[in-house]
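The primary structure of each chain is shown beneath.
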Amino acid sequence: TYQSATLNWNSTATDFEVAVKAVTDATWPAEVAVSNATSYAVSGLAPATNYQFRVRAICDATEGLISDWVEGTFVTDSLPCFVPDGIQVVSTGYTTATIQWNADASQNQWSIHVWNSASDFVFDAQTNPFTVTGLAQNLEYNVAVKAVCGGGYTESEYSDTITFTTPVCPEVTDLT
């Protein structure tokens, strides 16, 4: 995954040592002992990172019967593009609306879809909250937000849809 991996190997031995490091790290960390298993789960990894791992069998540590290291590599997945949530309209003008949402800390680009039966807008946003423009007064609109991740290579699904209404500019009455 983007933050974990399961390492597997074959051997008739029952005790092993395993070590994992990013390819860019200069030194190997301390080995981890694995007994009665030919797999090891690693967590706390960085997304989209090349890793090396090494495994050796410990046949009899007291007599020094330890196999050579066997090495492998893997790459963690890119960070998923999480769906924004908590979408809300924080203010409306006669032809504008300011939309706000909760986003993952790694996100900095979104696509905001605003529509009704008469119009359909998509806004590219690099700020949260974001003010959409070009709306008509006294109309109901739907809005949903999706994250655009990885420099535009991946996108989340759209958030839940909420509805808002732009106000009407009141007419002057009761002239004297």
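Look above for the structure.
In short, a report on the structure. Per-chain numbering applies: the sequence of each chain, read as written, is numbered from 1 onward. The predicted origin of the model limits local features to residues at a pLDDT of at least 70 and limits the giving and counting of side-chain atom pairs to 80 or more, whereas totals for whole chains, interfaces and linings rest on all residues. Note: side-chain values were computed over all heavy atoms of the structure, leaving out hydrogens and water.

Where two cysteines share a covalent bond between their sulfur atoms, that bond is called a disulfide. Disulfides are defined in this document as cysteine sulfur pairs within 2.5 Å. A complete count under the given rule lists one disulfide for this structure. Between the sulfur atoms of Cys-81 and its disulfide partner Cys-149 the distance amounts to 2.0 Å. Since a negative S-S torsion denotes a left-handed disulfide, the Cys-81-Cys-149 link at about 80° is right-handed. In this pair, Cys-81 is assigned in the loop between β7 (70-75) and β8 (85-92) and Cys-149 in strand β13 (residues 140-149), connecting sequence segments 68 residues apart. Each member of the pair Cys-81 and Cys-149 is classed as buried. Helix and strand definitions follow DSSP, with helices as H or I runs of at least four residues and strands as E runs of at least two, each counted in order from the N terminus. Burial classification: accessible surface area is computed with a 1.4 Å probe over protein chains only, and a residue below 20% of its type maximum counts as buried, one above 50% as exposed, and the rest as partly exposed.

Attention now moves to the packing of aromatic side chains. Here a Phe, Tyr or Trp ring, Trp counted by its six-membered ring, pairs with any other such ring whose centre lies within 6.5 Å, and the pair is stacked when the planes are under 30 degrees apart, edge-to-face when over 60, and tilted otherwise. Scanning the entire structure with this criterion turns up eight aromatic pairs. For the ring pair Tyr-2 and Phe-82, a centre distance of 6.4 Å and an interplane angle of 80° mean the geometry is edge-to-face. Taken together, the positions of Tyr-2 in the segment before β1 (4-8) and Phe-82 in the loop between β7 and β8 put the pair 80 residues apart, joining distant regions of the chain. Owing to a relative accessible area of 33%, Phe-82 belongs among the partly exposed residues under this scheme. Relative to Phe-16, the ring of Trp-9 lies with its centre 5.4 Å away and its plane at 70°, an arrangement referred to as edge-to-face. The same class applies to Trp-9 and to Phe-16, which are both buried. A connected cluster of aromatic rings, assembled from ring pairs, spans Tyr-51, Phe-53 and Phe-74. Charge over a ring is defined by NZ of Lys or CZ of Arg lying within 6 Å of the ring centre and within 35 degrees of the ring normal. In this structure, Lys-21 is placed above the aromatic ring of Trp-28, and the distance from its NZ or CZ to the ring centre is 5.3 Å. Lying across the ring of Trp-69, Arg-54 places its NZ or CZ 4.2 Å from the centre.

Here we come to the pattern of salt bridges. Only one rule defines a salt bridge in this text: a Lys or Arg side-chain nitrogen within 4 Å of an Asp or Glu carboxyl oxygen. Enumeration over the complete set of coordinates arrives at three salt bridges. Arg-56 serves as the salt-bridge partner of Glu-17, at 2.7 Å between the closest nitrogen and oxygen. Of this pair, Glu-17 sits in strand β2 (residues 15-22) while Arg-56 sits in strand β5 (residues 50-60); the two residues are 39 residues apart in sequence, bridging distant segments of the chain. Close ionic contact of Lys-146 with Glu-155 constitutes a salt bridge, the shortest N to O distance being 2.6 Å. Using a relative accessible area of 13% as the deciding quantity, one classes Lys-146 as buried.

Here we take up the layout of surface pockets. Size it by volume and the largest pocket reaches roughly 160 Å³. Grid spacing is 1 Å over the protein atoms alone, the probe is 1.4 Å, and a cavity is where that probe fits but cannot get out, while a pocket is an open set with protein on both sides within 12 Å along at least five of seven lines and lining residues have an atom within 4 Å of a point. What lines the largest pocket is a set of 13 residues, among which Trp-9, Asn-10, Val-55, Arg-56 and Val-70 lie closest to the centre. Mapped by element, the contributors of at least two residues to the lining of the largest pocket are β5 and β7. If you tally residues by element for the lining of the largest pocket, the top one is β5, at four residues. By the convention adopted, Pro, Cys, Tyr, Trp, Phe, Met, Ile, Leu, Val and Ala count as nonpolar, Lys, Arg, Asp and Glu as charged, and the other residues, Gly among them, as polar. Taken together, the residues of the lining of the largest pocket break down into six nonpolar, four polar and three charged. Grid points are joined across faces, edges and corners, and a volume is the space filled by probe spheres set on the points.

Moving on, we get to the side chain of Gln-52. Inspection of the secondary structure puts Gln-52 in strand β5. What makes Gln-52 buried here is its relative accessible area of 18%.

What follows covers the sheet that holds β8. Only strands joined by at least two bridges in the DSSP assignment are considered to pair. Overall, antiparallel pairing links the three strands, which are arranged β8-β9-β12 in an open sheet. This sheet does not close on itself; its edge strands, each paired only once, are β8 and β12 (130-132). Strand-to-strand twist in this sheet, taken as the mean axis angle between neighbours without regard to direction, amounts to 30°. Only the stretch in contact is used when fitting a helix axis, every axis being a line fitted to C-alpha atoms; angles between N-to-C directions are given from 0 to 180 degrees.

Another aspect to go through is the nonpolar core. Throughout this description, the term nonpolar core refers to a set of buried Ala, Val, Leu, Ile, Met, Phe, Trp, Tyr and Cys residues connected via side-chain atoms within 4.5 Å. Of all hydrophobic cores here, the largest spans 19 residues; its most connected members are Ile-99, Trp-101, Ile-112, Val-114, Val-132 and Phe-164. Within the residue set of this core, elements represented by two or more residues are β9 (97-102), β10 (110-115), β11 (120-125), β12 and β13. Each residue touching Phe-164, except ones within four places of it in the same chain, is listed here: Val-89, Thr-92, Ala-97, Ile-99, Val-114, Leu-135, Leu-139, Glu-140, Tyr-141 and Val-143. Membership of the second largest hydrophobic core comes to 16 residues, among which are Trp-9, Ala-22, Val-55 and Ala-57. Whether two residues touch is decided by their heavy atoms; if any such pair falls within 4.5 Å, the residues are in contact.

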